[in-house]
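Structural description and commentary
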Amino acid sequence: MSMTAGAGLDNGFTGTERAVLRALSDGRRRTVAEVCAELSAARSSVVHALSGLQAAGVVVEHPAERSARGRPARGWSLAASPGLLAVVVAAAHGFLAGVVRPDGEVLAAVHSTANLTPPAAVLELLNRAIAQAEISARHIELAVLGLPGPSLFAGTAGPGPLGGSHLRRFRDWAGRPAADVVGEHLNRPVFCENDANLAALGEAVYGESAAADTVLHVSLTHGTGAGLVIGGKLHRGGSRLAGEIGHLHVDDGGQLCECGARGCFWQTTSIPALLSELATAHGRTFSVSDLDAAAAAGELEIIRALRGFGRSLGRRIADFVVFLDPQAIVVDSTLGAASHVIADGIREAVDQYTPPQLAASVQISSGSLGVSAHLKGAAALVRTENLLVDTGHASVAGRPSGTAPS
Ligand SMILES: [Zn+2]
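Note that the structure is a prediction, hence the values are computed from the model and not measured.

One open sheet holds the three strands; their spatial order is S1-S3-S2, and the pairing between them is antiparallel. Only two strands of the sheet have a single neighbouring strand rather than two, namely strand S1 (30–31) and strand S2 (59–62). As defined by bridge partners, S1 adjoins strand S3 (residues 75–78) across two bridges and the pair is classed as antiparallel. Bridged to Thr31 within S3 is Gly75. Running at roughly 90° to S3, helix H1 (residues 15–24) makes contact with S1, S2 and S3 of the sheet.

Here it is in structure tokens:
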């Protein structure tokens with residue numbers, strides 16, 4: 001089965017009904033007031049939509065639960081609980097496969113930093129995740145692929161604009177689109193999202209910055225990138241490459257980059273570049289986990305290098321702070337203790353290079369989810385993009401008399 005475009009099925013629901021289904025698509029129970037708050041919708045239209053969906057057998061009402069304060073409110077949920085999501089992230093420095101519930105609960109996560117050759121080795125990683133979750137593949141409703149390059153939403157079916165050959169190597173598996181390979185393996189729809197965007201959405205929706213409206217998440221383990229989440233939704237931009245801070249121009253005489261430009265930021269400021277510099281300086285190899293361990297142990301030399309790296313990043317991020325006035329900047333937490341030190345360096349640069357009022361209002365911290373950020377981000381994506389409704393998931397497939405989903 002090939003990947004599905006984001007256009008949506010005509011499954012007979014009104015706009016408000018689709019919005020209500022989106023709010024309930026994580027399988028959790030919500031009161032009318034909670035649905036109204038989430039959709040910024042009037043109570044009367046939400047109640048009308050719930051009644052219509054109830055009559056169609058798509059949602060059910062639950063008896064009131066005792067609450068500590070105030071009048072107990074009745075809850076609503078989907079009539080049939082939504083299935084599980086499979087997630088595969090393939091990037092420059094590793095692969096991740098997992099199984100997650102639509103409400104963000106991670107059931108399994110299998111990570112590999114080995115240089116796996118898709119498709120066989122990556123599908124094997126996915127099979128291991130499914131086994132670890134103690135489910136079978138038929139419990140999977142749809143899959144989300146996290147890959148470098150633009151997301152494949154906004155109605156794009158097929159491999160999409162790959163930009164440069166460096167993206168093709170991640171997205172073509174033995175000459176075929178990765179999404180087609182995973183879709184056939186699971187016999188389920190597959191959606192592709194930029195890997196940095198998945199982590200950003202996970203941290204912005206399920207992490208400690210969840211209350212912030214505008215969140216800039218900086219991804220480092222798989223290159224130097226960022227994802228921007230505004231009001232709980234990804235901002236992707238016109239070519240769906242928003243947030244590629246690694247390709248900010250910093251050096252007229254720099255090397256030609258894979259992206260087609262010259263002198264891009266990531267060539268000098270990235271974790272792989274830092275690891276290589278440390279290896280040269282110390283005469284031994286360094287890994288991401290070495291950075292984590294050294295930061296946790298308080299090794300001053302490594303901490304200085306990490307904080308300086310954070311300041312270099314922060315010098316560029318300071319410009320974003322002026323443009324966007326974000327409430328939170330979250331640093332890739334897959335670096336463990338090292339990400340706290342990098343966040344400190346970013347803080348110093350932002351304090352130095354942005355107007356004090358802006359600097360004072362932005363929180364800068366390490367993320368809290370580790371590798372789960374990508375998996376939880378996939379769950380958040382399915383909900384914010386209404387993918388279960390658009391793909392005709394069994395529990396929300398449409399009105400019995402409506403257009404049947406294909
Ligand atoms: Zn570039």
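Taking 1.5 Å of rise per residue, 13 residues should cover 18 Å, and helix H4 (residues 120–132) covers 18 Å from first to last C-alpha, within 8% of that figure. All of the buried residues along H4 are Val122, Leu125, Leu126, Ala129 and Ile130. Looking straight down H4, one finds its buried side chains confined to an arc of 140°; they lie on one side. As for H4, its buried residues are in contact with strand S4 (84–91), strand S5 (94–100) and strand S6 (106–112).

Taking 1.5 Å of rise per residue, the twelve residues of helix H7 (residues 195–206) would be expected to cover 16 Å, and the 16 Å separating its terminal C-alpha atoms lies within 8% of that figure. Across the twelve residues of H7, twelve count as buried, placing the element largely inside the fold. Taken as a whole, H7 has its buried residues at Asp195, Ala196, Asn197, Leu198, Ala199, Ala200, Leu201, Gly202, Glu203, Ala204, Val205 and Tyr206.

Turning to the nonpolar core, a few remarks are in order. Core analysis: the largest hydrophobic core is formed by 116 residues, its most contacted members being Leu85 and Val88. Considering every element that reaches this core, the biggest residue donor is helix H10 (residues 300–324), with nine residues. Beyond its immediate sequence surroundings of up to four residues, Val88 is in contact with Ala97, Val122, Leu126, Ala143, Leu145 and Val182.

A separate point is the sheet that holds strand S15 (residues 363–366). Pairing is mixed across the open sheet formed by five strands, whose spatial order is S13-S12-S11-S14-S15. Each edge of the open sheet carries a strand with a single partner, namely strand S13 (233–235) and S15. Mean inter-strand twist for the sheet, computed between neighbouring axes without regard to direction, equals 25°. In terms of strand pairing, strand S11 (residues 214–219) meets strand S14 (residues 328–331) through four bridges, oriented parallel. Bridging from a neighbouring strand, Val215 pairs with Ala328 of S14. The strands touched by H7 are S11, strand S12 (225–230), S13 and S14; relative to S12, the strand with the most contacts, the crossing angle is about 45°. Helix-sheet contacts for helix H11 (residues 337–353) involve S14 and S15, and the interaxial angle to S15 is about 160°.

About the thresholds
Residues numbered from 1 in each chain as written. Predicted model: local features only at pLDDT ≥ 70, side-chain atom pairs only at ≥ 80, totals over all residues. Pairing = 2+ DSSP bridges. Helix = DSSP H or I, 4+ residues; strand = E, 2+ residues; numbered from the N terminus. Contact = placed C-beta atoms within 7 Å. Axes fitted to C-alpha atoms, helices over the stretch in contact; angles between N-to-C directions. Expected span 1.5 Å × (residues − 1). Buried ≥ 20, exposed ≤ 12 C-beta atoms within 10 Å, placed from the backbone. Arc of directions from axis to C-beta. Core = buried A, V, L, I, M, F, W, Y, C linked by C-beta atoms within 7 Å.

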